[in-house]
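# Topology and contacts: notes
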Amino acid sequence: MIELEGLTKRFGAKTAVDNLSFQVRPGVVTGFLGPNGAGKSTTMRMMLDLDNPTNGTVRIDGKHYRDLTEPLKHIGALLDAKAMHGGRSAYNNLLCLAESNRIPRSRVAEVLDLVGLTPVAKKKSKGFSLGMGQRLGIASALLGDPEILMFDEPVNGLDPEGILWIRNLMKGLAAEGRTIFVSSHLMSEMALTADHLVVIGQGRLLADLSMSDFIQQNSRSYVRLRTPQQERLKDVLHEAGIDAVSVPATGALEIDGVPAERLGELAAQHQIVLHELSPQRASLEEAFMRMTADSVEYHAHAPGTTAPAGAATAAPAWGAGYEATREGGE
Amino acid sequence: MTATADATPAASARQDGGYSSPLPTPRPHLGHALASEWTKLTSVRSTVWTLGSLVALVVGIGVFAVLQTGSADYKSIPFVAPALFGMMVGQLAVMVLGVLTVSSEYGTGLIRTTLTAAPDRLRVLTAKYLVFGAVAFGVTLGSVAFVGISAALLRNGPEAGYHGAGEWVGALGGCLYVTLLGVLALAVGALVRHSAGGIAIMLGLVTMPPVLGAILTGWPVSREIGLTVVRYNAPMGLIQLFGLPNSGMDGSPTPSDLAQLGLLVLVTALAVTASYVVVRRRDV
């Protein structure tokens, strides 16, 4: 269990993490989501007592990190896969860590075997590929067989096989009752692994809810209809009390909250020809982008335009609510 | 069996259904940090290169010098004097290793992993100082002793005159002096966190004062300051401790060996204290 309370970090005038409070519970994979620069890594560094918070506290199983006598047994963290001395062998890199926590030597070989690096145990880690480096980082996180595991962007730069491996590893570790806290800026990845979501943007908490709640609240589903007899269809729908929005760009009608079956039957009754009748679901990635649109720090500009790309698409529900509170707060 | 009996209730006492590790992890202390630092120091090639070049310089140049001299040459200089030539260059290797011992961790980001495993930063830093200091002192002393003993065995003819224990104590002081320079380098490395920067500072600290002192001596206003700088600086201290005349003093009193060592102890202590204060507070 990790508890954050009013955690704040300022670098000069810039507030990287702003009054963040949430809990990471055991037995589930908690996804920590936010765009680049949202303060995810800073938060994780403060959790590990690497950075000092300007304000607020982090407790690991009720204690401050610095008061943990056996930190590797409590928390295993992968912050940066390259945070190893390249001139040292994989085995020696892990050995120095093990020794500082009096973890038996045999455990080093065990974790190397677990992540599949035994054949290169004696090789210098600077020759490792990104995937191998990531595996070595995960081995170091697992070294103390900890209850809490923290991974910062573990799938970054991995091939599909590596991603699948990490995904299954995290699920397996959570099933053993461990607390898994994993950060990412990819909603699609989180949708596959996380049970719980903590979303931040510009250092502030945007959402703290279960994955299923997030999907329910954020994935707009609608039905798309295309027909050569659009006016007639509109009349029919109107008579049935159904609101249809026409999308000029595609020449289609979009209908919220009515099952596709009902629309199809309605069209058949009135003998309207349909060219398309398809249930649509906004992706979680879109929902995430809507939620964080206002808090994306580094907007890319489309060539030739000067307006931030996010501003045009910034819209409803979550983003709007956030914008309102932000204006209220300042 | 008692251990298992003790562990079982602890494991079953967990109410939250969390995970409990079967690995034994007793409370770690400085001894574990020392073991960890020892592994770090001995498992990278830069240690072999820097300390190897120190040994090669001191022993190589020293033995060569011993072979080129006769017993008569040792009438007014100590037997350990040949070790000084290599040590003047070799001390740079000790300083480079001192800086690298800590700056390489910052350079690679390993420091985050290290401090995550051992959040007691002062313990980690203390272990670094102790392990590096012991290794640097051991290697320095071994090389100097080898050269000094070679000279004492090969060139101890009657022309060499009397040689007392004092010169060996002086050489011991010289080894301590080089070790202190290495410890100072480690402190500087911890403060600047950058290999090239740390090494540059240490090089400047060792090579600048003799030049600067000589320049200052040139003007009447700064002559006194210049003379002091010329007397008290790292190369001069080392030369003096190794029992060679601290020359160029035009009659002014030579500082004592203890004063030379004491000055470096003071500077090093200040830097080490600063490193503890800064490393404890700083974000990594």
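Where an unreviewed UniProt entry is consulted, chain B appears under the name ABC-2 family transporter protein, with the organism given as Streptomyces lavendulae subsp. lavendulae.

Per an unreviewed UniProt entry, chain A carries the name Putative ABC transporter ATP-binding protein YxlF and comes from Streptomyces lavendulae subsp. lavendulae.

Take helix α4 (residues 81–108) of chain B next. Residue and element names in this part refer to chain B. With 28 residues, α4 extends 40 Å from end C-alpha to end C-alpha; this agrees with the ideal 40 Å at 1.5 Å per step. At methionine 87, α4 shows its largest bend, some 45°. For α4, the buried fraction is high: 20 of the 28 residues fall into the buried class. A positive phi of about 85° marks glycine 109, the residue just after α4.

What follows covers the pairing of strand β10 (residues 221–226) of chain A. Here 6 bridges tie β10 of chain A to strand β13 (residues 276–281) of chain A, and the two strands are oriented antiparallel to one another. For leucine 225 of chain A, the partnering residue across the bridge sits in β13 of chain A and is leucine 277 of chain A.

Let us now look at the domain arrangement of chain A. In terms of domain boundaries, chain A breaks down into domain 1 (2–217) and domain 2 (221–281). For domain 1 of chain A and domain 2 of chain A, the distance between their C-alpha centres works out to 47 Å.

A word on the pairing of strand β6 (residues 148–152) of chain A. All names here are of chain A. Counted residue by residue, β6 has 5 buried out of 5 residues, so it is predominantly covered. Alternating residues of β6 divide into Ile148, Met150 and Asp152 and Leu149 and Phe151, and every residue in both groups is buried. Pairing analysis gives 4 bridges linking strand β5 (residues 75–78) to β6, with the strands arranged parallel. In the sheet register, leucine 78 faces β6, and the bridge partner there is phenylalanine 151. Pairing of β6 with strand β7 (residues 179–184), which is carried by 5 bridges, proceeds in the parallel orientation. Bridging from a neighbouring strand, methionine 150 pairs with phenylalanine 181 of β7.

Another aspect to go through is the packing of aromatic side chains. Tallying each qualifying case throughout the model produces 5 aromatic pairs over all chains. Aromatic pair tyrosine 74 of chain B and phenylalanine 79 of chain B: ring centres 5.5 Å apart, planes at 45°, arrangement tilted. By relative accessible area, which is 1% here, tyrosine 74 of chain B ends up buried. Here the aromatic residues Phe22, Phe32 and Phe181 of chain A are joined through ring pairs into a cluster of three or more.

Bringing the UniProt feature "transmembrane region" (unreviewed entry) in chain B into the picture now. Residue and element names in this part refer to chain B. The UniProt entry lists residues 48–67, 79–102, 129–153, 168–192, 199–219 and 258–279 under the feature "transmembrane region" (unreviewed entry), expressed in the numbering used here. Secondary structure content for residues 129–153 is 100% helix and 0% strand, and the end C-alpha separation is 35 Å. Structurally, residues 199–219 is divided into 90% helix and 0% strand, and its ends, taken at the C-alpha atoms, are 31 Å apart.

This brings us to the packing of helix α2 (residues 30–42) of chain B against helix α6 (residues 121–154) of chain B. Residue and element names in this part refer to chain B. Look at α2 against α6: their axes get within 8 Å of each other, and the N-to-C directions meet at 55°. By the criterion of interaxial angle, the relationship of α2 to α6 is oblique. As α2 packs across α6, the resulting crossing turns out to be right-handed. Residue-level contacts link Leu30, Ala33, Leu34, Glu37, Trp38, Lys40 and Leu41 of α2 to Arg123, Val124, Thr126, Ala127, Lys128, Leu130, Val131, Phe132 and Val135 of α6. For the contact of α2 with α6, a count of residues per class yields 11 nonpolar, 1 polar and 4 charged.

About the thresholds
Residues numbered from 1 in each chain as written. Chains lettered and ligands numbered in written order. Predicted model: local features only at pLDDT ≥ 70, side-chain atom pairs only at ≥ 80, totals over all residues. Heavy atoms only, no water. Helix = DSSP H or I, 4+ residues; strand = E, 2+ residues; numbered from the N terminus. Expected span 1.5 Å × (residues − 1). Bend = angle between axes of the 7 residues up to and from the residue. Buried < 20%, exposed > 50% of the residue type's maximum accessible area, 1.4 Å probe, protein only. Pairing = 2+ DSSP bridges. Domains from an automatic or database assignment. Phe/Tyr/Trp six-rings, centres within 6.5 Å; stacked < 30°, edge-to-face > 60°. UniProt positions renumbered as here; feature names shortened; annotations may be inferred. Axes fitted to C-alpha atoms, helices over the stretch in contact; angles between N-to-C directions. Parallel < 35°, antiparallel > 145°, perpendicular 65-115°, else oblique. Left-handed = near helix turned anticlockwise from the far one by under 90°. Contact = heavy atoms within 4.5 Å. Nonpolar A, V, L, I, M, F, W, Y, C, P; charged D, E, K, R; others polar.

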